[in-house]
Amino acid sequence: MIQIAQSCVGCGKCVSTCPFGALSIVNRKAVASAACTMCGACVSVCPMKALSLPAAGAAKKDLSAYKGVWVFIEIADDGRTQKVRPVGFELLSKGRELADQLGEELCAVVIGDNVQNYAAELSQYGTDKIYAVSAPEYHTYNTLAYANAMITLIKKYNPSVVLFPSTYIGRDLSPRISSELFVGLTADCTGLSIKEGNLIQTRPAFGGNIMADIKCPDYRPQMATVRPNVFKKVISSAGRLAQLVNEVIPVPVEAGKVRVLQTQMDPVASEQPLDESPVVIAGGRGMKDQEGFALLEKLAATLGGAVGASRAAIDMGLLPKEKQIGQSGVTVASKLYIACGISGAVQHTVGMEHSEVIIGINKDANAPIFNVCKYGIVGDAKQVLAKALEQLKK
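This one's a predicted model, so the numbers in the text were calculated from it and none came from an experiment.

A. Expanded view of the overall build of the protein chain. Along the backbone of the protein chain there are nine helices and 21 strands. Taken along its principal axes, the extent of the C-alpha atoms in the protein chain is 85 × 50 × 45 Å. For the protein chain, with 394 residues in total, the buried portion stands at 47%. Counting only contacts in the protein chain whose residues sit at least 6 apart along the sequence, the fraction spanning at least 24 positions is 62%. When the accessible surface of the protein chain is summed, it comes to about 20000 Å², and 52% of that surface belongs to carbon and sulfur atoms. Within the protein chain, the 35 negative side-chain charges are centred at a point lying 6 Å from the centre of the 40 positive side-chain charges.

Laid out in structure tokens, this is it:
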């Protein structure tokens, strides 16, 4: 917290400067609240030089009470059935690895209606404990209700790490929780590891030109969102049942300000979703036109896969936005990924590098795609695909 000397005269300049509203004037003196992040914005504006940041090496907050790796489990509802979204199993699998390194428990947090039904399935992925908040009022996702439940649990049990899926619900819920708890949040992580007891959160930065390692050594819990298909699902505790902890948390009155009156589900596309397809054929700028992408469609139909594209091809109007693969699109982890006419910039590779077998086709022998693929073919992608289709027909 910011340090305030006796020379403070209560002029109020620091109050209006603080971006977090952490300062106020009490009895003609500035007072800092727990919302202070020590950003230092107030230090330079103080005319009396009464504000200062703590000296290096100052005593840090005791974090020993924070234990446990938590994963928020999202329940998918298609209007007919409810099930655990697969990214939850991916995060539990990675969470098991992190928890083992920290020597702590792996816990799943499930909020919804009749969530106890998912206990056996969640237990298979190394889960030690399941916190279940189950009531009819939680059947439909509500930001205020779910945030209140998560915050209540976190304050009660003090986990050291909380992971969320980078889905529309995870992206909506996690920042609300982090702001309420005054802790950091790293979004869209592509890697997680432990170093010196801290969670190292890896994500693309500066437009994807570098990979940044982020850590929060002074605050708990450490929070991150992770995109689907970044980590592999690993069943490590088949037949074992995790400890189930039922929590009764009333929905706050203010949650009633938002009500879902009607839900309309768009018809399911006949083709396989990119993030679920075992085979993905992706095209880039090098495919040039619709004729080039027609070859990709033929190859995908032959191999039983789906067609995606790099951002360059999307910008050219060759495929709709929902087909984009990469940092600002879909993340895939297919068994076979064929990149056709894609240079392989990091913005694209972070969305497909976890595929099992990657084949790159590019006429530039120095294209970065060849640094991530298992098999590389140097040549015009259109010509290579035409030959491949001929051979597949045989």
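B. Summary view of the side chain of aspartate 188. Within the secondary structure, aspartate 188 is located in strand E11 (residues 185–189). For aspartate 188, a relative accessible area of 17% translates into the label buried. Within the local environment of aspartate 188, its side chain forms a polar contact with the side chain of serine 166, the two groups lying 2.3 Å apart. What aspartate 188 contacts, discounting residues up to four positions off in sequence, is Ser166, Arg171, Arg203, Pro204, Thr225 and Arg227.

C. Structural view of the environment of valine 109. Looking at where valine 109 falls in the secondary structure, it is placed in strand E8 (residues 106–112). Setting aside its immediate chain neighbours within four residues, valine 109 contacts Trp70, Val71, Phe72, Ile73, Tyr131, Met150 and Leu153.

D. Local environment of the pairing of strand E15 (residues 222–226). Burial of E15 is extensive: five of the five residues sit out of reach of the surface. As judged from the five bridges shared by strand E10 (residues 161–165) and E15, these two strands associate in the parallel manner. Of the residues in E15, the one forming a bridge with proline 165 is valine 226. Of the strand pairs in this sheet, E11 and E15 are connected by three bridges, and their pairing is parallel. Following the sheet pairing, leucine 185 is matched in E15 by methionine 223.

E. Region of interest: the pairing of strand E17 (residues 279–283). The element E17 is extensively covered by neighbouring structure, given that five of its five residues are classed as buried. Relative to strand E19 (residues 336–340), E17 runs parallel, the two sharing five bridges. Bridging from a neighbouring strand, alanine 282 pairs with alanine 339 of E19.

F. Representation of the sheet that holds E10 within the structure. Ordered in space as E11-E15-E10-E5-E8-E9-E16, the seven strands form an open sheet in which the pairing is parallel. The sheet is open, and its two borders are formed by E11 and strand E16 (243–246), each paired with just one other strand. Geometrically, the sheet is characterised by an average inter-axis angle of 20° between neighbouring strands, direction not taken into account. Here strand E5 (residues 69–73) pairs with E8 via five bridges, running parallel.

G. Structural context of the nonpolar core. Core analysis: the largest hydrophobic core is formed by 32 residues, its most contacted members being Ile73, Leu92, Val110, Leu122, Leu163 and Leu192. Among the secondary structure elements, those contributing two or more residues to this core are E5, helix H2 (86–102), E8, helix H3 (119–123), strand E9 (129–134), E10, strand E12 (191–195) and E15. Not counting chain neighbours up to four residues away, the residues in contact with leucine 192 comprise Lys94, Leu98, Leu163, Leu199, Ile200, Gln201, Ala224, Val226 and Phe231.

H. The arrangement of helix H4 (residues 143–157) in detail. Helix length check: H4, at 15 residues, gives a terminal C-alpha distance of 21 Å against a target of 21 Å (1.5 Å per residue), a fit within 8%. Looking at H4, one finds that the buried residues are Thr143, Ala145, Tyr146, Ala147, Ala149, Met150, Ile151, Leu153 and Ile154. Its buried side turned inward, H4 meets E5, E8, E9, E10 and helix H5 (168–181). Among the residues of H4, the N-terminal cap falls to asparagine 142, whose side-chain oxygen and the backbone nitrogen of leucine 144 are separated by 3.1 Å. Remark: asparagine 158 follows H4 within two positions and exhibits a positive phi of approximately 55°.

I. Highlighting unusual backbone geometry. Looking along the chain, the bond that leaves arginine 220 and enters proline 221 is cis, with omega of 0°. Looking at the secondary structure, you find proline 221 in the loop between strand E14 (210–214) and E15. A positive phi angle, near 55°, is found at aspartate 188, a position not held by glycine.

J. Structural view of the sheet that holds strand E20 (residues 357–362). Pairing is parallel in the open sheet, where five strands are placed in the order E18-E17-E19-E20-E21. At either end of the open sheet lies a strand with only one pairing partner, and these are strand E18 (306–309) and strand E21 (375–378). Strand-to-strand twist of the sheet, defined as the mean angle between neighbouring strand axes without regard to direction, takes the value 15°. Bridge analysis of E17 against E18 gives four bridges, and the strand direction is parallel. By the bridge assignment for E18, valine 280 is matched with alanine 306. Where helix H6 (residues 290–303) meets the sheet, its contacts fall on E17, E18 and E19, and the angle it forms with E17 comes to roughly 175°.

K. Broad picture of the packing of aromatic side chains. Taken as a whole, this structure holds seven aromatic pairs when the rule is applied. Centre to centre, the rings of tryptophan 70 and tyrosine 157 are 6.3 Å apart; their planes meet at 55°, and the pair counts as tilted. Of this pair, tryptophan 70 sits in strand E5 while tyrosine 157 sits in helix H4; the two residues are 87 residues apart in sequence, bridging distant segments of the chain. With a relative accessible area of 1%, tryptophan 70 lands in the buried category. Judged by its relative accessible area of 27%, tyrosine 157 is partly exposed. On the numbers, 5.8 Å between centres and 35° between planes, the contact of phenylalanine 72 with phenylalanine 164 is tilted. Taken together, the residues span a long stretch of sequence, with phenylalanine 72 in strand E5 and phenylalanine 164 in strand E10 at a distance of 92 residues. The buried category is assigned to phenylalanine 72, whose relative accessible area is 2%.

Criteria and cut-off values
Positions within a chain are numbered from 1, following the residues in the order the chain's sequence is written. Owing to the predicted nature of the model, reporting of local features is limited to residues with pLDDT of at least 70; listing and counting of side-chain atom pairs is limited to 80 or more, with chain, interface and lining totals taken over all residues. Side-chain measures here rest on the full set of heavy atoms in the structure, leaving out hydrogens and waters. Strands are runs of DSSP state E lasting at least two residues, helices are runs of H or I lasting at least four, and both sets are numbered from the N terminus onward. Only protein chains enter the calculation, and the probe is 1.4 Å; a residue is then buried if its accessible area is under 20% of its type maximum, exposed if over 50%, and partly exposed in between. We call two residues in contact when some of their heavy atoms are within 4.5 Å. For every accessible area listed, the method is Shrake-Rupley and the probe measures 1.4 Å; residues are considered covered only by the protein chains on display. Under the convention used here, Asp and Glu are negative, Lys and Arg are positive, and both His and the chain ends fall outside the count. A charged residue contributes its charge at one atom only: NZ of Lys, CZ of Arg, CG of Asp or CD of Glu. Within 3.5 Å is the distance limit for a polar contact, defined as a pair of N or O atoms, with the added protein rule that one can donate a hydrogen and the other accept it, and that residues adjacent in sequence qualify only through two side-chain atoms. Here, strands pair whenever DSSP counts at least two bridges between them. Fitting a line to C-alpha atoms yields each axis, with helices limited to the stretch in contact; the angle taken between N-to-C directions then spans 0 to 180 degrees. The definition of a nonpolar core used throughout is a set of buried Ala, Val, Leu, Ile, Met, Phe, Trp, Tyr and Cys residues joined through side-chain atoms within 4.5 Å. To estimate how far a helix should extend, the number of its residues minus one is multiplied by 1.5 Å. Aromatic pairs are defined between Phe, Tyr and Trp rings, using the six-membered ring for Trp, whenever the two ring centres lie within 6.5 Å; interplanar angles under 30 degrees are classed as stacked, those over 60 as edge-to-face, and all others as tilted.

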